[in-house]
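This is what each chain is made of:
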Number of protein chains: 2
Amino acid sequence: MVRATLRDVARLAGVSVATASKALNGQPQVRASTRERVMLAASQLDFSPNALAQGLITQRTGTVGLLTSDLEGRFSIPILMGAEDAFGTDQTSVFLCDARGDGIRERHHLRALLSRRVDGLIVVGARPDSRPSLGRDLPVPVIYAYAPSEDPRDLSLVSDNEGGGRLAVDHLIRCGRRKIAHITGDASYGAAQDRARGALARLTEEGLEVAGGEVWFGMWSEAWGRGATRMLLERCPDVDAVFAGSDEIARGVLDVLHEERLDVPGRVAVVGYDNWNILVANARPPLTTVDMNLEQLGRVAAQRLFAAIGGTLGSGVEKFPGKLVTRESTAPLR
Amino acid sequence: MVRATLRDVARLAGVSVATASKALNGQPQVRASTRERVMLAASQLDFSPNALAQGLITQRTGTVGLLTSDLEGRFSIPILMGAEDAFGTDQTSVFLCDARGDGIRERHHLRALLSRRVDGLIVVGARPDSRPSLGRDLPVPVIYAYAPSEDPRDLSLVSDNEGGGRLAVDHLIRCGRRKIAHITGDASYGAAQDRARGALARLTEEGLEVAGGEVWFGMWSEAWGRGATRMLLERCPDVDAVFAGSDEIARGVLDVLHEERLDVPGRVAVVGYDNWNILVANARPPLTTVDMNLEQLGRVAAQRLFAAIGGTLGSGVEKFPGKLVTRESTAPLR
């Protein structure tokens, strides 16, 4: 396949390159009959218009750039999938570029994406805390997803972590649990604080205190889940539920409960966070967890970007509710 | 920032749009002085040439399309990183598109990438078995990575799974192990067969038989790792090493050994496959595993693609050796 050029199209249509270009770009100085001849020639030659021309014809190219610093692709991939599915199977392409939290790399990818006429950008941060804005002077609309922009004039779509914490604890309360502990990750993450705040608020509404007397902040790892659970069992041996701030932590919690021969969920119920399939499906037992609904977030982001072409995008931070996915690690107390 | 158009450049340079286009595209009919005036105008206006023009000027745009069907981004992400690092931090952008093993989606992404003048394509399959070729008539070079193309005229870079199996068993033999079992995934995967073949070949060289009398094929999951280990211990209670075909399987193996109070590595040594950080780092104990060197594979793929512009790419299947990453789950028998 040799790619047809604008020159080939012009020659076949019997017009100059400039006229062919004007015709394809929808400019008004071209007669309707000429335009039709050019369009026909382009179609006969299977002319793949360059990105610029295509953008001018259709006003949108159906392409979104996704600039991520989420190294493992863990949160980016569902956002990418949601964005692609916003308008049906083959209407949208998302180009993912990995900036690895590196400003130079980010600017480089940004230039590469813009020079290829993406319709808009979704920026996914490395962690769910606010990140610097790419600025207000970009030629395409930008949405910050997962991690909000520091600039309140930007539009950010984030996960409702406080609501997620409430969801988890509410479910445990409905299961009849009264001694509910919360083991979570790094206290410097806004998400850890927000989930804990939601969890504590729901406990307070119920007249309950958090088991063990405090939220166990630590690290986003299985090892911390194990260590914290050992301390928790020492301080509060009759704990009947643990809400873990991530699925990794929950795996560590399950490990130690298993070691101590404490039945899950008979004796202790466990809820995780993230719904990371590799971790939850093979857990013993399979793990009830909070899903951040990132596909939905990606879908809405793409719809907003395309709607914003020629219009305005809005601003501020919008929170997306998560959903609880129940599996065998939680059940009503009998 | 309002983006300058070719029209603006032409106006500033005092030439027609067609002349400006010819000048930027390096076509010969333009006088040198005119070309210089156009280039200067483009530079003054910070004109971001469209992808087509840019490609014609520089012969390469420094952009690679990565078409993946590896849903979880698990094998694609290291290949992407390697490709980006092939020429330094900000020389290359990789645009990742997720085809999800769906032919319609794949063709759609392919068109989107080609119309944006990527210099070449890396195609990453869903599983390490051969996949259909994208065909021989694409306008840019294509390399198949991880999963080879069915067409031997294409160039495929894959991981040496047989060599990886040898590496794992060789390490266990050097640790003084003599009763080495192999628990692995789905027997319909070429990778499972290749790893097993390499493992068995190395055992045979040493005059050993595989512990338990057979390779335990099953599923790529922790649950299978647990189930197979229970059967193995029943049949062969004095097994002193397990080579697992994936880190997930290895996690299941470790779980059951832990349950049975069989010390790792004192009593049984365990080796995994993939070096998937989330699984190996937090294992108890941290897991020795085979790393497929996918970043290196991605680096070489990008170098070959750029070298192939205007030249030829070569063909056939090239195998990349893995490397053993030792952690605490293996140690010499005392």
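None of the values given here were measured: they were computed from a predicted structure.

### Brief notes about the relation of the copies chain B and chain A
For the match of chain B to chain A, the screw axis carries a shift of 0.0 Å, the RMSD comes to 0.4 Å, and the turn is 180°. Both copies of the chain, as the preceding transformation shows, are related through a two-fold rotation axis. The C-alpha atom lying nearest the rotation axis in chain B is that of alanine 18 of chain B; the distance is 2.1 Å. The residues that chain B uses at the interface reappear at the interface of chain A in 98% of cases, marking a shared surface.

### Comments concerning the confidence of the model for chain A
Residue and element names in this part refer to chain A. Confidence in the prediction of chain A, expressed as mean pLDDT, is 89, and 92% of residues score 70 or more. Overall, residues 51-58 carries pLDDT values under 50, and its contacts beyond four positions in sequence, including any with other chains, amount to 17 contacts. For this predicted complex, the interface confidence reaches an ipTM of 0.79, while the overall pTM sits at 0.81.

### Quick word on the sheet that holds strand β6 (residues 180-183) of chain B
Residues and elements named next belong to chain B. Strand order across the open sheet formed by five strands is β6-β7-β8-β9-β11, with mixed pairing between neighbours. Because the sheet does not close on itself, it has two edges, and the strands there are β6 and β11 (323-325). With strand direction ignored, the average angle separating the axes of adjacent strands in the sheet is 20°. Where strand β7 (residues 241-244) lies against strand β8 (residues 269-273), three bridges are found, and the strand directions are parallel. Looking at the pairing, phenylalanine 243 lines up with valine 271 of β8. Its contacts with the sheet put helix α9 (residues 222-235) on β6 and β7, and the angle it makes with β6 is roughly 145°.

### Thoughts on the interface of chain B and chain A
At the interface, 62 residues of chain B touch 63 residues of chain A. Summing the contributions of chain B and of chain A, the shared interface buries around 5800 Å²; its carbon and sulfur component is 47%. If you look at where chain B meets chain A, you find 14 salt bridges. Counting the contacts that link chain B with chain A gives 29 residue pairs in polar contact (both at pLDDT 80 or more). Of all the secondary-structure elements, those providing two or more residues to the side of chain B that touches chain A are α2 (17-24), α4 (51-58), α5 (76-84), β2 (93-98), α6 (103-114), α9, α10 (247-259) and α11 (277-280) of chain B. Among the elements that take part in the side of chain B that touches chain A, α6 of chain B stands out by supplying seven residues, more than any other. Split by residue class, the side of chain B that touches chain A holds 22 nonpolar, 17 polar and 23 charged.

### Section: the side chain of glutamate 84 of chain A
With respect to the element layout, glutamate 84 of chain A can be found in helix α5 (residues 76-85). Only 3.0 Å separates the side chain of glutamate 84 of chain A from the side chain of histidine 109 of chain B, close enough to count as a polar contact. Contact partners of glutamate 84 of chain A, with chain neighbours within four places excluded, come to Thr92, Ser93 and Val94 of chain A together with Asp98, Arg100, Arg105 and His109 of chain B.

### Here we look at the packing of aromatic side chains
Given two aromatic rings, one states the distance between the centres and the angle between the planes to describe the pair. All names here are of chain A. This structure, assessed with the given rule, holds nine aromatic pairs over all chains. Measuring from centroid to centroid gives 4.7 Å for phenylalanine 75 and tyrosine 146, while their planes differ by 25°, and the two rings are stacked. Note that phenylalanine 75 is positioned in the loop between β1 (63-68) and α5 and tyrosine 146 in the loop between β4 (142-145) and β5 (155-159), a separation of 71 residues in sequence. You'll find phenylalanine 75 and tyrosine 146 in the same group, each marked buried. We note arginine 195 situated over the ring of tyrosine 273; from NZ or CZ to the ring centre the distance is 3.7 Å.

### Observations concerning the pattern of salt bridges
Once the charged atoms of two side chains with opposite charge are near each other, the side chains can pair. Applying the stated criterion to the full structure yields 56 salt bridges over all chains. Arginine 127 of chain A is the salt-bridge partner of aspartate 129 of chain A, the closest N and O atoms lying 2.8 Å from each other. Classification of aspartate 129 of chain A by relative accessible area gives buried; the value is 18%. Its relative accessible area of 30% is what places arginine 127 of chain A among the partly exposed residues. In this structure, arginine 166 of chain A and glutamate 205 of chain A form a salt bridge, with 2.4 Å as the shortest nitrogen-oxygen distance. Of this pair, arginine 166 of chain A sits in helix α7 (residues 161-174) while glutamate 205 of chain A sits in helix α8 (residues 190-205), and the two are 39 residues apart along the sequence. What makes arginine 166 of chain A partly exposed here is its relative accessible area of 29%. Salt bridges sharing common partners tie together Glu222, Arg226, Arg230, Asp255 and Glu259 of chain A together with Arg251 and Arg284 of chain B.

Rules of the game
For every chain, the first residue of the written sequence is number 1, and numbering continues from 1 along that sequence. Written order decides the labels, with chains lettered from A and ligands numbered from 1. Selection of residues for local features in this predicted model requires a pLDDT of at least 70, selection of side-chain atom pairs for listing and counting requires 80 or more, and totals for whole chains, interfaces and linings are taken over all residues. Hydrogens and water are ignored here; the side-chain numbers use all heavy atoms of the structure. The copies are overlaid by a least-squares fit using only the C-alpha atoms of residues whose pLDDT is at least 70 in both copies. Contacts: residue pairs with any heavy atoms within 4.5 Å of one another. Residue-level confidence of the predictor is summarised by pLDDT, bounded by 0 at the bottom and 100 at the top. Paired strands, as defined in this entry, are two strands with at least two bridges between them according to DSSP. Helix and strand labels come from DSSP, where a helix needs a run of H or I of at least four residues and a strand needs a run of E of at least two; each type is numbered from the N terminus. For helices, the fitted line uses only the C-alpha atoms of the stretch in contact; every axis is such a line through C-alpha atoms, and the angle between N-to-C directions lies from 0 to 180 degrees. The term buried area denotes the loss of accessible surface (1.4 Å probe radius) that occurs when two parts are joined, taken as the sum for both partners. Salt-bridge detection follows one rule: a side-chain nitrogen of Lys or Arg within 4 Å of a carboxyl oxygen of Asp or Glu. In protein, a polar contact means a hydrogen-donor-capable atom and an acceptor-capable atom, both N or O and within 3.5 Å, with residues adjacent in sequence counting only if both atoms are side-chain atoms; elsewhere, any N or O pair within 3.5 Å suffices. Polar here means any residue other than Ala, Val, Leu, Ile, Met, Phe, Trp, Tyr, Cys and Pro, which are nonpolar, and Asp, Glu, Lys and Arg, which are charged; Gly is therefore polar. The rule is short: rings of Phe, Tyr and Trp, with Trp giving its six-membered ring, pair when the centres are within 6.5 Å, and they are stacked under 30 degrees, edge-to-face over 60, tilted in between. Here's how the labels work: a residue is buried when its accessible area is under 20% of the maximum for its type, exposed when over 50%, partly exposed in between, all with a 1.4 Å probe on protein chains only. Consider the ring centre and the ring normal. A charge sits over the ring if Lys NZ or Arg CZ is within 6 Å of that centre and within 35 degrees of that normal.

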